[in-house]
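# Topology and contacts: notes
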Amino acid sequence: MIKKDQSTVKRALTAVLLAASLLLLGFPGFSQTYKRVQGTLSDQNGDAVVGASVRLVSPIDSVQTSTGAGGLFSFNNIKGTQFTLTVTSLGYDTLRQVHAFKPGDNELALPLMLSESSLLLAEVAVTGVAPITVKEDTLEYATKDLRLREGALVEDALKKLDGVEVDKDGNVTAQGETVTRARINGKDFFGGDIKAAIQNLPAEIVEKIQIVDDYGDMANVTGNRTGDPERVLNLEIAPERNTGDFGNFRVGGGTQDRYQMTGSYGKFKDGIQLSVLANLNNVNANLFDFNTRSGGARRMRGGGSFGRGFGGGGWNRNGLTNTGSIGVNYRQDFSEKLTMYGEYSFGHTDNTMQRNEFEETTLAEGTTYKTSNSNNGSIGNDHRLSWNVEYKPDDRNYIKLSPNFSFRQNQANNFSLSSNSRDVQLINDMTNREISHSYAPTYGVSGLYNRRLNDNGRNVFVNFALNTASTEQDQERIINSLPYVSDAAALDSVYQQHLVDLQNKNLNGGATVSYIEPMGQYGRLEVNYDFNFASYDNDRNARAYDRDGAVIDNPEYNNNRVYDYTFYTHRGTLTYRHEKDKWNYSLGIAAQPNLLRGSGDIDGNAVAINRSGFNWMPVARLEYEVSRTKRFNVNYSGRASEPGFTQLQPFTDYSNANAPVTGNPNLAAEFTHELRLNYRNFNIGEGTSFFVGLMGSLAEDKIVTNRTTSIDDSIGLVQAIEYLNTNGFYNTRGFYNFAKPFADRAYTLSFNGMIAYNNNVSYTTAGMPGGEAGTFATERNIARNWVLSQGVSFRYNPKETIEISPGVRYTYNTTRNTVSSGNNRDVSTWAVTLNGSVNFTPTWILGADFEKTSNNGYSSSVGANPMIINTYVEKQFLRGRNGAIRFQAFDLLNEQIDISRNVIDNTITDSRSNRLARYFMLTLSYRFSNFAGGRMGTDGSGRGGGPYGGGDGMRVRF
C-alpha cells in the first residue's frame, strides 16, 4: 500500500510540475528590464538608523522593506521611473521624498537622513520595555531595552512583552489568541515547534520578536489575505549574531530518583544555521511537541483536514513522564536563489497518570452523574522529518517544495473504576481496562509556484498538497459491570471482553490556482479556485467474549465492517483588494459546493452515502491605520468541515456496551462563519499599550449529539449516543490587555481580561430508540456557557538583577441548560501568584515562584486548593559567569495537581490529574556564546545564552 501511495504522490507531483512548466512557456515577458534603488539611512549625527521602515510607491510599484546593518536598504525589480519614498522610525520625523531615474539609468543610490522628532525625543529615550511597532498583520517588539538576566531564554523575553502570556506549561498566547508556530528569520524552526524554540534559544541573539497573523504562503507571496490566520511567533536574529555559535549544557540529580541531562548547540555562519537539541530526564521536560506539523507550502482548508485521530505525542505535563529526545534543525542559503531548511526530531515518552473525573449530564428526564478514577499508562516513540526547498531562478519566479514524514508508535494500558447514578439512584459500578497498540505513519509533499507576468502587477499563483496517513491499531477492552435493581440488591457482575482490530487509511490533498489583475494604481482583482479532498478507508473487525472465553452470541459485538468515504470541496472566489494610504480592504464573493460520498459493507449489507451541499459566502477584510502605532482590522472567513468516521459509521459500536455509539451516514458537512475584530494601540510617549479583540463564530449544520439514557437490568446505566445536524450553535469571545509603565519602566502595571459565551446545542432522548410509539421523546437542549476572567499583574524590574512580579486572577465559569434549569453548577477560581529573582551578590542568585489557587464549586472528588512553592539558589562561576551550580526545590508543600472544567453539549466534566510533585535537585550548568561582535558575558554585562539564569525559569525547567 505504501508503494501505491508513493506512486500516487509521484504522479501528482509530476503533473503539477509539468503544468507549471507549460505555464512558464506560455507567458512572455522574460526580457523586461528592471531598475534598482539602494541607499543608506542615518540620523543628524551621522549614525546609521537600523530597523526603520522604508516604503517605495510608484504608479506601478508598492513595496516595503526595513533598513539593516549600517542603515542599508535596497529595492530590486522596480518598474516605475518616478517614485515616492516614505521613511518612518520611532523617535524621528517621517521623511517623504520624490525621486526619478534619469533616462537610460537603471540604478539609483540615495543617501537619506532622518531628523529627530522634537515632540517625541524626550519621551522615546526610555528603557526596560520593548517598543512596539504595529504593522499590517504584525506586532513587532524590539528586545534591546528588555531587562533580562544573563542566560535568559526567549521564553523569559516573551514574559516581559505587553499582551503576551506564557503559562506554566510553556503555551504562548498573544492578544488573546494561541501562538501555534515558531520561526527564525521567517523560516520554520524545528517544523514550527514553538516550545522547542522559546525554551532553548538564548534571548541575546534575538533583535526583534514578531507576532504575526499568518494567512499562508499564498497571502505572503500575493498579498491577498483570505481565510483564518494562524498566529505565528517570528524571531529576527540580530545582524551581529548571524555569525557565531552558542551552547548550553546541564546535568542534575535529585531526590525521588529524579535526573535531568540537557544539551543544545547552535551555529550561525555565512547563511548557515544549525541547531542541535538533546534531552534525557524524568522530570516531565519534553523537548518537542510532535502534534506540530510543518507549515509546508500549502495550508489545507475545508475537506483537507489531515490525519484525523492520527496525532502523536504532545506536551501533556500531567502525570509522571520519562522522556528522551534529540533533534537537528538545519538551514542553508546556497545563493540568493536557493535556500533549503528542515529538521528531524525523535522523542521517546513513558507516561503514567492518575485522573479523577466527575461528569454531569443534563437530560429531559433527569440528571445523570458519573464518578470515575483512572490509572493510565502510555509508551510512545515519535519521529518527525520535514524539509523545505525555496528556489528563485529570477525576480519573477518563485518555487517552494516541502516534503514531510512522521511516524508514531504507541502502547497504552488504561484502567478505570466508575460509578453511575441518575438523580439520587445508584445504577451500576463498572471497571474498564483497555490495552492498545498502534502504528501511524504519515507522509506527504506540498509545493507552490508564483509567477509575476508583467510590469503592471499581473500575477499567477499555483500550489498543491498531497498527504497520506495510515493507522493500524489493536484494542483489548475488558468491561465488568455491576448493576443494581431498584431495591438496591446487587446482581451478578457482567463480564465482557472486546477485541477490536482497526485499519484506517487517509489520503488527502488539494490545489489552488490564483490569478491577479491590477485595477488602476491602488486596486487588484483576484480570481481564485481552490479544490480539496479527503478520502478515508476504514476496516474494523470486532469480537466479544464472556468470562469463560466463549464468544458472546450477539451479532452487534462480533462483526467485520468496511466503510470508505471521501469529502470534496470546490471554492471559487472573486475578490477586489484596494490599498491606499491608511486604508486596505478586500471585498468579494465565494461559492463553495461540497460533496460527501461513501460506501461500505456492513455485516454483508451494502450501504451508500451521497450528500451534497452548497454555500455562498462573502469575502470581507478591512484594515485602517489610524497612525503608525494604531491599527484596526476586521476579517470574515468561512470554512466547511467533514464529519468524522465515528460520526458517519452506519452501525452501532458496542465495544463499550454501557456507551454504544451510532453513526449517521446522512450527516451533512458543517459550515462555520467566523468574524474577527482587532484594535491595537501603542502610545510612544507614555509607553502604554492597549489591545482589544472580539471574535464570533456561527455554525450551520453543526454536528451535535443526541444522548439517550436508559437502564438495562443486566448491565446498568446505558447512555447511547447518536449524531445529527442542527443550527443555532455559536460562540463569541472578547479579550483586552492594557499595560502602563512608570518610573522609567522600573514598574509596569498590566490589566487583562476575557469574556466568552458558548451556545452549545444538543439533544436528549428519554427511552431507547426503536421502542413502541410514544415510549420516548427527544428534546432540544441549549447549554449556555459563560466564562469570565480578569487579571491584574505588577512587575518591578529596575535592573537586570532584580525582578519581582505579583499578580492575581479571577475566573468564573457558569452553565445553564434549558431542559433542566435546576441542575446547574457554577465554578470560580482565585489565583494569586508571586514570582521573582534577585542577585544578592554579583554571582549568587535567589529565585522563587509562589501560586495559591482557591477553587470553588467543583465536586468534592475533584476540588482542591493547592499552594505551589518553588525556589532555588544558584552560584555562578568561571570567567564570564558561564558556569553555574544550582540547588532547587520544587513544590515544597507537595500539593501539585491539575484541575479543569470542560463543557461539551449538555455535559460538564470536572477533572483532576496528578502532576510531578515535591523533589529537590542539584544541577551543574555550562554555557558559551561566541559571535563576530565578541564573546557575550565575559565582562558580566549584556545577555548570556544559558538555560539556567532566566528570571522566572523554575516552571519551564522542571
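Residues numbered from 1 in each chain as written. Predicted model: local features only at pLDDT ≥ 70, side-chain atom pairs only at ≥ 80, totals over all residues. Heavy atoms only, no water.

## With respect to the overall build of the chain
The secondary structure content of the chain amounts to seven helices and 49 strands. With 958 residues in all, the chain has 52% of them scored as buried. Look at the contacts in the chain between residues 6 or more apart in sequence, and 68% of them connect residues 24 or more apart. As displayed, the chain has an accessible area near 39400 Å², and 55% of this comes from carbon and sulfur atoms. (Helix = DSSP H or I, 4+ residues; strand = E, 2+ residues; numbered from the N terminus. Buried < 20%, exposed > 50% of the residue type's maximum accessible area, 1.4 Å probe, protein only. Contact = heavy atoms within 4.5 Å. Areas by Shrake-Rupley, 256 points an atom, 1.4 Å probe, with all protein chains shown as cover.)

## A word on the packing of aromatic side chains
Tallying each qualifying case throughout the model produces 26 aromatic pairs. Seen from their ring centres, Y563 and Y565 are 6.1 Å apart, and the 40° between their planes marks the pair as tilted. The class of Y565 is buried, set by a relative accessible area of 2%. Ring geometry for F887 versus F920: centroids 6.2 Å apart, planes at 10°, classification stacked. Of this pair, F887 sits in strand β45 (residues 883-890) while F920 sits in strand β48 (residues 919-931), placing them 33 residues apart in sequence. A relative accessible area of 41% means that F887 is categorised as partly exposed. Following the ring pairs from residue to residue traces out a cluster consisting of F189, F190, F288 and F290. For the cation-ring pair, K740 lies above F742, with the distance from its terminal atom to the ring centre recorded as 5.8 Å. (Phe/Tyr/Trp six-rings, centres within 6.5 Å; stacked < 30°, edge-to-face > 60°. Lys NZ or Arg CZ within 6 Å of the ring centre and 35° of its normal.)

## Examining the pattern of salt bridges
The full count for this structure, using the stated rule, is 30 salt bridges. For R631, the salt bridge identified is with E623, shortest N-O distance 3.8 Å. When sorted by exposure, R631 lands in the same class as E623, which is buried. A salt bridge links R915 to D898; the nearest nitrogen and oxygen atoms lie 3.9 Å apart. Here the residue R915 occupies a position in the loop between β47 (907-914) and β48, and D898 occupies one in strand β46 (residues 897-904), the gap between them amounting to 17 residues. The pair formed by R915 and D898 is uniform in burial state, with each residue classed as buried. Residues joined by salt bridges that share partners form a network here, namely R181, R183, D188, D214 and E230. (Salt bridge = Lys/Arg side-chain N within 4 Å of Asp/Glu carboxyl O.)

## Examining the sheet that holds strand β4 (residues 72-78)
The strand order across the open sheet built from three strands is β4-β1-β7, with neighbouring strands paired in mixed fashion. At either end of the open sheet lies a strand with only one pairing partner, and these are β4 and β7 (107-113). Adjacent strand axes in the sheet meet at a mean angle of 15°, parallel and antiparallel pairs treated alike. As judged from the seven bridges shared by strand β1 (residues 35-42) and β7, these two strands associate in the parallel manner. Considered in β7, the bridge of L41 is made with L112. (Pairing = 2+ DSSP bridges. Axes fitted to C-alpha atoms, helices over the stretch in contact; angles between N-to-C directions.)

## Concerning the nonpolar core
By size, the foremost hydrophobic cluster in this structure holds 42 residues, and its most contacted members are Y141, L158, V172, L201, I205, I209 and L233. A per-element tally of this core places helix α4 (residues 194-198) first, with four residues. In contact with L158, other than residues within four places in its own chain, are V164, V166, V172, I198, I209 and L233. Counting residues in each nonpolar core, the second largest holds 23 residues, with Y536, Y563, I721 and Y723 among its members. (Core = buried A, V, L, I, M, F, W, Y, C linked by side-chain atoms within 4.5 Å.)

## Some thoughts on the environment of T292
The topology assignment puts T292 in the loop between β19 (272-281) and β20 (320-333). Those residues in contact with T292 that sit more than four places away from it in its chain are R181, G191, G192, D193 and R384.

## Looking at a nonpolar patch on the surface
Taken together, F249, V251, Y259, M261, L280, F877, L878, I885, F887, L922, L924 and Y926 make up a surface patch of nonpolar side chains, about 1000 Å² in accessible area. Of all the secondary-structure elements, those providing two or more residues to the nonpolar patch are β17 (244-254), β18 (259-269), β45 and β48. The element that contributes the greatest number of residues to the nonpolar patch is β48, accounting for three residues. As for its placement among the helices and strands, I885 is situated in strand β45. (Patch = residues over 30% accessible without salt bridge, like charges linked within 9 Å, V, L, I, M, F, W, Y side chains within 5 Å.)

## Section: the pairing of β48
Note that β17 and β48 share 11 bridges and pair antiparallel. If you follow V251 over to β48, its bridge partner there is L924.

## Here's the deal with the pairing of strand β30 (residues 605-627)
Looking at chain direction, strand β29 (residues 583-602) and β30 are connected through 20 bridges and run antiparallel. Looking at β30, one finds that P593 is bridged to F614. Hairpin connection between β29 and β30: a loop of two residues separates the two successive antiparallel strands, and D603 in this loop has a positive phi of roughly 55°. With six bridges joining them, β30 and strand β31 (residues 630-641) adopt antiparallel strand pairing. Bridge assignment links Y624 to a residue of β31, and that residue is F632.

## Looking at the environment of G883
Locating G883 in the fold gives a position in strand β45. Judged by its relative accessible area of 0%, G883 falls in the buried class. Linking G883 and L924, residues 41 residues apart in sequence, is a C-alpha distance of 7.6 Å.

## Let's talk about the side chain of Q592
Relative to the elements of secondary structure, Q592 occurs in strand β29. Among the polar contacts made by the side chain of Q592, one reaches the side chain of R571 at a distance of 2.8 Å. Leaving out residues up to four positions away in the same chain, Q592 has contacts with T569, H570, R571, G613, F614, N615, M617, A640 and F671. (Polar contact = N/O pair within 3.5 Å; in protein donor to acceptor, adjacent residues only side chain to side chain.)

## A few points about unusual backbone geometry
In this structure, L878 takes a positive phi of about 70° despite not being glycine. Within the secondary structure, L878 is located in the loop between β44 (867-877) and β45. Notably, D891 is not glycine yet its phi reads approximately 55°, a positive angle. Take D891: it is sitting in the loop between β45 and β46.

## With respect to the sheet that holds strand β2 (residues 53-58)
The strand order across the open sheet formed by four strands is β3-β2-β5-β6, and the pairing between neighbours is antiparallel. Strands with a single pairing partner mark the edges of an open sheet, and in this sheet they are β3 (61-66) and β6 (95-100). Taking the axes of each pair of neighbouring strands and ignoring which way they run, one obtains an average angle of 20° across the sheet. In terms of strand pairing, β2 meets β3 through six bridges, oriented antiparallel. Bridge pairing in β3 links V57 to S62.

## Looking at the environment of I715
Along the chain, I715 turns up in the loop between β36 (702-712) and β37 (716-726). Here the alpha-carbon distance between I715 and D429, two residues 286 residues apart in the chain, equals 9.2 Å. For I715, the residues in contact, after removing those within four places along its chain, are N428, S481, P483, V494, Q496, A657 and N658.

## Points about the confidence of the model for the chain
Residues of the chain with pLDDT of at least 70 account for 86%, and the chain-wide mean is 82. Note on residues 934-958: pLDDT under 50 across the span, and 101 contacts to partners over four residues away in sequence or across chains. (pLDDT = per-residue confidence, 0-100.)

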